[in-house]
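What the coordinates show
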Amino acid sequence: MSVNVKTFARLADAASALANERGARFMGGGTVLMRLINDTNPAVETVVRSTDQSLLHLAVSSGRIELGSGVTMAAVLAERDLAFLHAAARAVGGPAIREAATVGGNLFARTPYGDFATALLALDATVTLAVGLGQRELPLEEFLDRRERGTSLVSAVAFKRPAAEAFRFLKVTRVHPRGVSVLSIAAQLPLASGRITGARIAFGGMNRTPVRAKAAERALEGRALDAAGIAPALAVAAEGTAPADDAIASAWWRREILPVHLRRLLIGPGQA
Amino acid sequence: MKTPVQFRLNGEDVAAFAESGANLLDVLREVVGDLSVKGGCWQGSCGACTVLIDGAPRLSCLTLAESIAGRSIETAAGLRRGAELHPLQIAFMERFAAQCGYCTSGMLMAAKALLDRNPSPTREDVVEALGGNICRCTGYEPIIQAVLDAASGDRRRRA
Ligand SMILES: Cc1cc2nc3c(=O)[nH]c(=O)nc-3n(C[C@H](O)[C@H](O)[C@H](O)COP(=O)(O)OP(=O)(O)OC[C@H]3O[C@@H](n4cnc5c(N)ncnc54)[C@H](O)[C@@H]3O)c2cc1C
Ligand code: FES
Ligand code: FES
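Residues numbered from 1 in each chain as written. Chains lettered and ligands numbered in written order. Predicted model: local features only at pLDDT ≥ 70, side-chain atom pairs only at ≥ 80, totals over all residues. Heavy atoms only, no water.

What about the overall build of chain B?
What counts is decided by this rule: Per the convention used, a helix needs a DSSP run of H or I reaching at least four residues, while a strand needs a run of E reaching at least two, with both numbered from the N terminus. The globule rule used here is 2.2 Å times the number of residues to the 0.38 power, and the radius of gyration it is set against is calculated over C-alpha atoms. The buried label applies to any residue whose accessible area, calculated with a 1.4 Å probe on protein chains only, is under 20% of its type's maximum; exposed applies above 50%, and partly exposed to all values in between. By definition in these notes, contact holds between two residues if any of their heavy atoms fall within 4.5 Å.
The number of helices and strands found in chain B is 5 helices and 5 strands. The helix and strand sequence of chain B, counted from the amino end, reads β-β-α-β-β-β-α-α-α-α. Taking 2.2 N^0.38 as the reference for a compact globule, 159 residues should give roughly 15 Å; the C-alpha atoms of chain B span a radius of gyration of 16 Å, in line with that estimate. Along the three orthogonal principal directions, the C-alpha set of chain B runs to about 50 × 30 × 25 Å. Here chain B, with 159 residues, has 51% of them falling under the buried criterion. Long-range pairs, those at least 24 residues apart, make up 56% of the contacts in chain B with a sequence separation of at least 6.

Details of the sheet that holds strand 4 (residues 56-59) of chain B
Residue and element names in this part refer to chain B. In plain terms, the rule: Pairs of strands are assigned from DSSP output, requiring at least two bridges between the strands. Only the stretch in contact is used when fitting a helix axis, every axis being a line fitted to C-alpha atoms; angles between N-to-C directions are given from 0 to 180 degrees.
Here 5 strands make up an open sheet; going across it, the order is 2-1-5-3-4 and the pairing mixed. A strand with exactly one partner marks an edge of an open sheet, and here the two such strands are strand 2 (12-19) and strand 4. Neighbouring strand axes in the sheet, compared pairwise and without regard to direction, differ in orientation by 45 degrees on average. Pairing of strand 3 (residues 50-53) with strand 4, which is carried by 4 bridges, proceeds in the antiparallel orientation. Each residue of the ladder has a partner; that of Val51, found in strand 4, is Arg58. Set on the sheet, helix 1 (residues 24-32) makes contact with strand 1 (2-9), strand 2, strand 3 and strand 5 (72-74); between it and strand 2 the angle comes to about 105 degrees. Against the sheet, helix 3 (residues 104-117) engages strand 3, strand 4 and strand 5, with an angle of about 35 degrees to strand 3.

Details of the environment of Ala151(B)
All names here are of chain B. In this fold, Ala151 is placed in helix 5 (residues 141-158). On the basis of relative accessibility, which here comes to 3%, the residue Ala151 falls in the buried class. For Ala151 and Thr122, which are 29 residues apart along the polypeptide, the C-alpha to C-alpha distance reads 9.8 Å. In this structure Ala151 touches Leu115, Pro119 and Pro121, once residues within four positions along its chain are discounted.

Quick look at the domain arrangement of chain A
Residue and element names in this part refer to chain A. Inclusion rule: Residue ranges for the domains originate in an automatic or database domain assignment. Summed over both partners, buried area is the accessible surface (1.4 Å probe) that two parts give up on being assembled. Definition used for salt bridges: Asp or Glu carboxyl oxygen within 4 Å of a side-chain nitrogen of Lys or Arg. Counted as a polar contact is a pair of N or O atoms within 3.5 Å, where, for protein atoms, one must be capable of donating a hydrogen and the other of accepting one, and residues adjacent in sequence contribute only when both atoms are in side chains. Amino acids are sorted into nonpolar (Ala, Val, Leu, Ile, Met, Phe, Trp, Tyr, Cys and Pro), charged (Asp, Glu, Lys and Arg) and polar (every other residue, Gly among them).
What the domain assignment reports for chain A is domain 1 (4-50), domain 2 (53-160) and domain 3 (164-267). Taken together, the contact pairs 24 residues of domain 2 with 23 residues of domain 3. Counting the surface lost from both domain 2 and domain 3, the interface buries some 2,000 Å², and carbon and sulfur atoms represent 59% of this. Counting across the domain 2 and domain 3 interface gives 5 salt bridges. Arg212 serves as the salt-bridge partner of Glu141, at 3.4 Å between the closest nitrogen and oxygen. Taken together, the links from domain 2 to domain 3 amount to 10 residue pairs in polar contact (both at pLDDT 80 or more). Elements represented by at least two residues in the side of domain 2 that touches domain 3 include exactly helix 4 (86-90), helix 7 (115-122) and helix 8 (140-145). Among the elements that line the side of domain 2 that touches domain 3, the one with the most residues is helix 7, at 6 residues. Looking at side-chain class alone, the side of domain 2 that touches domain 3 contains 13 nonpolar, 5 polar and 6 charged residues.

With respect to the interface of chain B and chain A
Facing 26 residues of chain B, the contacting portion of chain A comprises 24 residues. For the pair chain B and chain A, the two sides together bury roughly 2,000 Å², of which 54% comes from carbon and sulfur. Here chain B is connected to chain A by 2 salt bridges. With a shortest N-O distance of 2.4 Å, Glu128(B) and Arg98(A) are connected by a salt bridge.

Examining the packing of helix 2 (residues 87-94) of chain B against helix 3 of chain B
Residue and element names in this part refer to chain B. The line we're drawing: Angles are sorted into four bins: roughly parallel if under 35 degrees, roughly antiparallel if over 145, roughly perpendicular if 65 to 115, and oblique for all others. Left-handed is the label given to a crossing in which the near helix is rotated counterclockwise from the far helix by less than a right angle, and right-handed is the label when the rotation is clockwise.
Two numbers describe how helix 2 lies on helix 3: the axes approach to 10 Å, and their chain directions differ by 130 degrees. Classified by the angle between their axes, helix 2 and helix 3 sit oblique to one another. Between helix 2 and helix 3 lies a crossing whose hand is right-handed. Residues Leu88, Gln89 and Phe92 of helix 2 form the contact with helix 3, whose participating residues are Thr104, Met107, Leu108, Ala111, Lys112 and Leu115. Among the residues making up the contact of helix 2 with helix 3, the classes are represented as 6 nonpolar, 2 polar and 1 charged.

Quick look at the structure:
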């Protein structure tokens, strides 16, 4: 069975084809979608592509950062001003995958994938959808909640640059140097007078989609980044998570190791 | 439905008709006849199908053939210059870095992508560059050593 491939120069035309064609999927880098096509998965009847250069837009200023949905992990890694995101981009597959894998595709990648989306969630990113001839922006959290239902084209993501040293990312894997996540954790930890204010923590691999760790975020408010300060957050870390039992790890194991790795991310393995 | 696609393969212009939705691996092997590219999984998991697209390592099994129109592809078939093998090919032979040989062309291309960008890699750089390529025979060490040998041999020749 061959699929129907439709390539559009204009994003708006691609968005309307995606909304109107039966069994249509947008192709970013294809690292997930081509697997389905190679397997002749009947769910993919039409592939919609766009050569619109706006998808490759990458704007880094001191305040706001915008990434077109077609920006690849390799392009993120090539951008020195995005150094805080390099650990998350490097977490996605091996070098050849990263040359193709896009930011937009990562927002749709199912667990255990979605490491970059986890980082974006902790950055409070917004997602821009191409709708008709216009655009619509919504919080990433809301987007992830209903992503399976939509046939919208993601054109970009945007977020505020985190304060220096405030952003951290960690991926737990059993296969080195390149393996899928048992889980991943991203945290944005703004400090004011040595106390955390407005922490954002996101977990990958702990639910159907990347999720915010809201109980842990609340427990960190006003606390110092030391063993005593983070203890309440570790105690509630697994609250609201619903990890899978799969070939990579059991749900029980994921819940057990989550606070251990959250601690490592927050204060390092050996610190008191 | 077939779609025409034109690209450069190892420095030569190529025009082919690709089945709509076909991956580059199948087009290179079955339409163009470049059998140096190997397919192991067609799922992005083994790295055997690694080729260079405009100098960057890419998995040909996950690359939509139509998307490479106008691009430049390098495969293991284009590594040697006439009778002269590429330094990586020589180092692979000398280090016994190929046993069954199934992973070899993908390993060579992943290694070439690394050395083209970074002629003096560390061992960690090599391990990272080959991180998406699986070998079931060698235990990886001879391959890592071969890439390091090829890099240092290149440096000696340039000195
Ligand atoms: C061997 C291997 C290892 C991998 N390892 C990891 C890993 O460690 N971590 C990780 O996070 N991921 C991993 N992945 C998954 C994948 O490579 C990444 O998630 C990648 O970012 C997906 O992006 P893509 O552009 O290739 O997506 P595509 O394959 O192009 O698309 C994936 C899905 O998203 C939809 N989509 C893509 N872009 C858009 C858009 N702009 N608008 C609307 N819908 C869109 C597609 O329709 C499709 O349903 C791995 C994949 C492979 C094959
Ligand atoms: S055949 Fe492409 S990665 Fe295995
Ligand atoms: S030599 Fe046999 S798989 Fe590598």
